[in-house]
Amino acid sequence: MSLIKRTDRLPLIFDDIFNTDWFGGITNEHKIGFNTPAVNVKESDNDFIIELAAPGLVKEDFNIELDNDVLTISSETKNETKDEKDNYTRKEFSYQTFKRSFNLPDTVNIADILASYDNGVLLVKLPKKEEAKVQPKRLIEIS
């Protein structure tokens, strides 16, 4: 089983043809103003690991939800500065948001999902169910 990336925008026909990535989604690296963090998905014998590169954020900026085997990672940050002088006021603000969704396979133990954020990387550990783990080789005796 593999995880499948979902996006929340309608892709253009040329995006589907020319920008399809290996994970079944679409790449957004050439889109102006569309900041989707890079994601790595690793699979081991015991779990899946999602690594999401999001430097400059803090763990409170993230929202991780699970709904009907769809894991959604999102973030919304707002920054506002105001500079008042004698005869003028300058007000600047920025707003950044992203949302990434993944269809989880049936082999994931959804009750034991863990997440951590360290050095600009969000790690989400998706442990596999016991029956989905690779079993060691064993000798079966004939009776």
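Everything here concerns the structure above.
These figures come from a predicted structure and were not determined experimentally.

Conventions we followed
Residues numbered from 1 in each chain as written. Predicted model: local features only at pLDDT ≥ 70, side-chain atom pairs only at ≥ 80, totals over all residues. Heavy atoms only, no water. Helix = DSSP H or I, 4+ residues; strand = E, 2+ residues; numbered from the N terminus. Buried < 20%, exposed > 50% of the residue type's maximum accessible area, 1.4 Å probe, protein only. Contact = heavy atoms within 4.5 Å. Phe/Tyr/Trp six-rings, centres within 6.5 Å; stacked < 30°, edge-to-face > 60°. Lys NZ or Arg CZ within 6 Å of the ring centre and 35° of its normal. Core = buried A, V, L, I, M, F, W, Y, C linked by side-chain atoms within 4.5 Å. Pairing = 2+ DSSP bridges. Axes fitted to C-alpha atoms, helices over the stretch in contact; angles between N-to-C directions.

## A few points about the overall build of the protein
A tally of regular secondary structure across the protein gives one helix and eight strands. Its helices and strands taken in sequence order, the protein reads β-α-β-β-β-β-β-β-β from the N to the C terminus. Counting all 143 residues of the protein, 27% fall into the buried class. Long-range contacts, defined as pairs at least 24 residues apart, comprise 50% of the intrachain contacts of the protein with a sequence gap of at least 6.

## Points about the packing of aromatic side chains
This model, assessed by the stated rule, comprises two aromatic pairs. Ring geometry for Phe 62 versus Phe 98: centroids 6.4 Å apart, planes at 70°, classification edge-to-face. Of this pair, Phe 62 sits in strand S4 (residues 62–67) while Phe 98 sits in strand S6 (residues 89–103), and the two are 36 residues apart along the sequence. In this structure, Phe 62 and Phe 98 share a single accessibility class: buried. Considering the side-chain rings of Phe 62 and Tyr 117, the 5.0 Å spacing of their centres and the 55° angle between planes classify their relative orientation as tilted. With a gap of 55 residues between them, Phe 62 in strand S4 and Tyr 117 in strand S7 (residues 114–118) connect regions that are remote in the sequence. Members of the aromatic cluster, each reached through a chain of ring pairs, are Phe 62, Phe 98 and Tyr 117. The residue whose ring lies beneath Lys 128 is Phe 48, and the NZ or CZ to ring-centre distance is 5.1 Å.

## Re the nonpolar core
Ile 50, Leu 52, Phe 62, Ile 73, Val 124 and Leu 126 are the most contacted members of the largest nonpolar core, which totals 17 residues. When residues of this core are traced back to their parent elements, those giving at least two are strand S2 (39–43), strand S3 (47–53), strand S5 (70–84), S6 and strand S8 (121–127). Each residue touching Val 124, except ones within four places of it in the same chain, is listed here: Phe 48, Ile 49, Ile 50, Ile 64, Leu 71, Ile 73, Ile 113, Leu 114 and Ala 115.

## Focus on the sheet that holds S3
Within the open sheet, the four strands sit side by side as S2-S3-S8-S7. Their pairing is antiparallel. Of all the strands in the sheet, the pair left with one neighbour each is S2 and S7. The mean angle between the axes of side-by-side strands here comes to 15°, regardless of whether they run parallel or antiparallel. Both S3 and S8 contribute to a ladder of seven bridges, which runs antiparallel. From the neighbouring strand, Ile 50 faces S8, where its bridge partner is Val 124.

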